[in-house]
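Residue-level structure breakdown
Listed here are the chains, written in short residue letters.
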Amino acid sequence: MDPSGVVGIVLAIVAIFGAQLIEGGNPTSIVLPGPLILVWLGTIGAGVAGHTLADTKGSFAKLPVALRAKAPDAGATIDTVISLADRARREGLLALEDAARDVDDEFLKSGLQAAIDGTDPEDLRMILEDKIATKRTADRVHAKYFADLGGYAPTLGIIGTVIALVHVLENLANPGELGASIATAFVATLWGLLSANVLWLPLAARIRRLSDLECAQMEVTLEGLLALQAGANPRLVGERLRSMLPPASAKDNKQEKAA
C-alpha cells in the first residue's frame with residue numbers, strides 16, 4: 001500500500017485546523033450543518049447531474065482502490081518477463097503453461113496465455129494495446145469525475161455564502177449580531193474551497209498518476225511478451241524493457257538486483 005494519498009489529505013486537514021487553532025479560532029465554529037449540507041450534497045448532486053449514474057458509482061468505487069493502491073513495480077515485472085523469456089528460450093513456449101498459472105499480474109497472465117496458444121504477434125499486440133487503451137479511458141473518466149467535483153465545490157460554497165449574506169442583510173436592524181452572522185456566511189465558501197483543494201482535486205490527480213504508472217507497466221509487459229514470443233535473448237529483452245523505464249526507476253531496479 002502507498003499511504004501518500006491518505007497521509008497527504010490528513011496533513012492538509014491538520015494544517016488547516018492547526019492554523020485556525022494557532023490564530024485563536026475554534027474548529028467547531030466552521031462545522032455548521034447548513035454549509036456542510038449545501039457544499040457536500042450540492043457538489044455530489046452536481047457531479048451526478050453532469051455524468052451518468054455508472055460514472056458516479058464507478059468513481060466512488062474507485063476511491064478505496066486509489067487511496068490504498070501501491071504504485072506498480074515495473075522492475076519486478078521486467079524480472080518476471082526475463083525469467084519467462086529465459087525458460088521459453090531453453091524449453092519452448094509450451095513449457096510456460098505451468099508458469100502462467102502462477103503469475104499474479106492478470107494482464108501479464110492473459111497475454112502470456114495468448115502467446116502460448118499461438119496467437120499471431122500482430123494480433124497479440126492489437127489485443128493488449130486495446131486493453132491498455134480501455135483501462136486508460138476508464139481511469140480518465142474517474143479522474144475527470146473528481147476533477148469536476150473540484151470545480152463545482154467552490155461555486156457551491158459561494159452560493160451558500162450569498163444565501164447567508166442575504167439573510168444577514170435582512171437583519172440589519174440587529175447590528176450587534178452582524179459580525180457573527182457575516183463570519184458564519186463565509187463558512188460555506190471555506191468548505192467549498194477546502195473540499196475542492198484538499199479532497200476532490202488531489203483524488204483526481206492521484207487517479208491520473210496511478211493510471212499513468214499502471215499503463216506504463218502494461219506497455220512494458222506488452223513489449224516483453226512480444227520479445228518472449230519471438231524467442232529474443234533474455235539479456236537483450238531486459239535491456240530493452242529497462243530502457244522504457246524512467247532513469248530513476250531503471251537505476252533503482254539495477255541496484256536492487258545487484259544487492
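Residues numbered from 1 in each chain as written. Predicted model: local features only at pLDDT ≥ 70, side-chain atom pairs only at ≥ 80, totals over all residues. Heavy atoms only, no water.

A few points about the pattern of salt bridges
Considering all chains together, one arrives at 14 salt bridges under this definition. Residues Arg90 and Glu91 are paired through a salt bridge, measuring 3.5 Å at the closest nitrogen-oxygen approach. When its relative accessible area of 55% is taken as the criterion, Arg90 is described as exposed. We note a salt bridge from Arg125 to Glu223, for which the minimum N-O separation is 3.1 Å. Placement of Arg125 in helix α7 (residues 121-169) and of Glu223 in helix α9 (residues 187-229) is noted, with a sequence separation of 98 residues between them. What makes Glu223 buried here is its relative accessible area of 15%. What emerges from the salt-bridge pattern is a single network uniting Lys62, Lys135, Asp139 and Glu214. (Salt bridge = Lys/Arg side-chain N within 4 Å of Asp/Glu carboxyl O. Buried < 20%, exposed > 50% of the residue type's maximum accessible area, 1.4 Å probe, protein only. Helix = DSSP H or I, 4+ residues; strand = E, 2+ residues; numbered from the N terminus.)

A few points about a nonpolar patch on the surface
Taken together, the side chains of Val6, Val10 and Val14 present a nonpolar region at the surface, about 230 Å² in accessible area. Position of Val6 among the secondary structure elements: in helix α1 (residues 4-22). (Patch = residues over 30% accessible without salt bridge, like charges linked within 9 Å, V, L, I, M, F, W, Y side chains within 5 Å. Areas by Shrake-Rupley, 256 points an atom, 1.4 Å probe, with all protein chains shown as cover.)

Quick notes on empty space enclosed by the protein
A full pass over the atoms with the stated rule returns one cavity of 30 Å³ or more. There is about 50 Å³ of room inside the largest cavity. Surrounding the largest cavity, Lys62, Val65, Ala66, Ala69, Lys135, Asp139, Ile207, Leu210, Ser211 and Glu214 form its lining. Counting only elements with at least two residues in the lining of the largest cavity, the list comes to α3 (53-68), α7 and α9. When residues in the lining of the largest cavity are grouped by element, the largest group, four residues, is from α9. (1 Å grid on protein atoms, 1.4 Å probe; cavity = no way out; pocket = protein on both sides within 12 Å on 5 of 7 lines; lining within 4 Å. Points joined across faces, edges and corners; volume = space filled by probe spheres on them.)

As for the confidence of the model for the protein
Counting all residues, the mean pLDDT for the protein is 87, and 93% of those residues have values of 70 or more. Below pLDDT 50 for its whole length, residues 255-259 participates in two contacts with residues either more than four positions away or in separate chains. (pLDDT = per-residue confidence, 0-100. Contact = heavy atoms within 4.5 Å.)

Regarding the packing of helix α2 (residues 33-50) against α7
The interhelical angle for the contact between α2 and α7, taken along N-to-C directions, is 135°, at an axis separation of 8 Å. Considered as vectors, α2 and α7 are oriented oblique to each other. Remark: the crossing between α2 and α7 carries right-handed chirality. Between α2 and α7, the contacting residues are Leu38, Val39, Gly42, Thr43, Ile44, Ala46, Gly47, Val48 and Gly50 on the first element and Tyr145, Leu149, Tyr152, Ala153, Leu156, Gly157, Gly160 and Ile163 on the second. (Axes fitted to C-alpha atoms, helices over the stretch in contact; angles between N-to-C directions. Parallel < 35°, antiparallel > 145°, perpendicular 65-115°, else oblique. Left-handed = near helix turned anticlockwise from the far one by under 90°.)

So, α2
It helps to recall that an α-helix has 3.6 residues per turn; residues three or four apart then point in one direction. For α2, which comprises 18 residues, the first-to-last C-alpha distance of 25 Å matches the rise-based estimate of 26 Å (1.5 Å per residue) to within 8%. Considered for burial, the residues of α2 that qualify are Pro35, Val39, Thr43 and Gly47. Against the buried residues of α2 lie α7 and α9. (Expected span 1.5 Å × (residues − 1).)

Remarks on the nonpolar core
Core analysis: the largest hydrophobic core is formed by 31 residues, its most contacted members being Leu96, Leu112 and Leu228. Among the secondary structure elements, those contributing two or more residues to this core are α4 (74-91), α5 (97-101), α6 (106-116), α7, α9 and α10 (234-243). Looking at this core, the element that brings in the most residues is α9, giving eight residues. If near-sequence neighbours (up to four positions away) are discounted, Leu228 is found in contact with Val81, Leu84, Ala85, Ala88, Leu93, Leu96 and Leu112. (Core = buried A, V, L, I, M, F, W, Y, C linked by side-chain atoms within 4.5 Å.)

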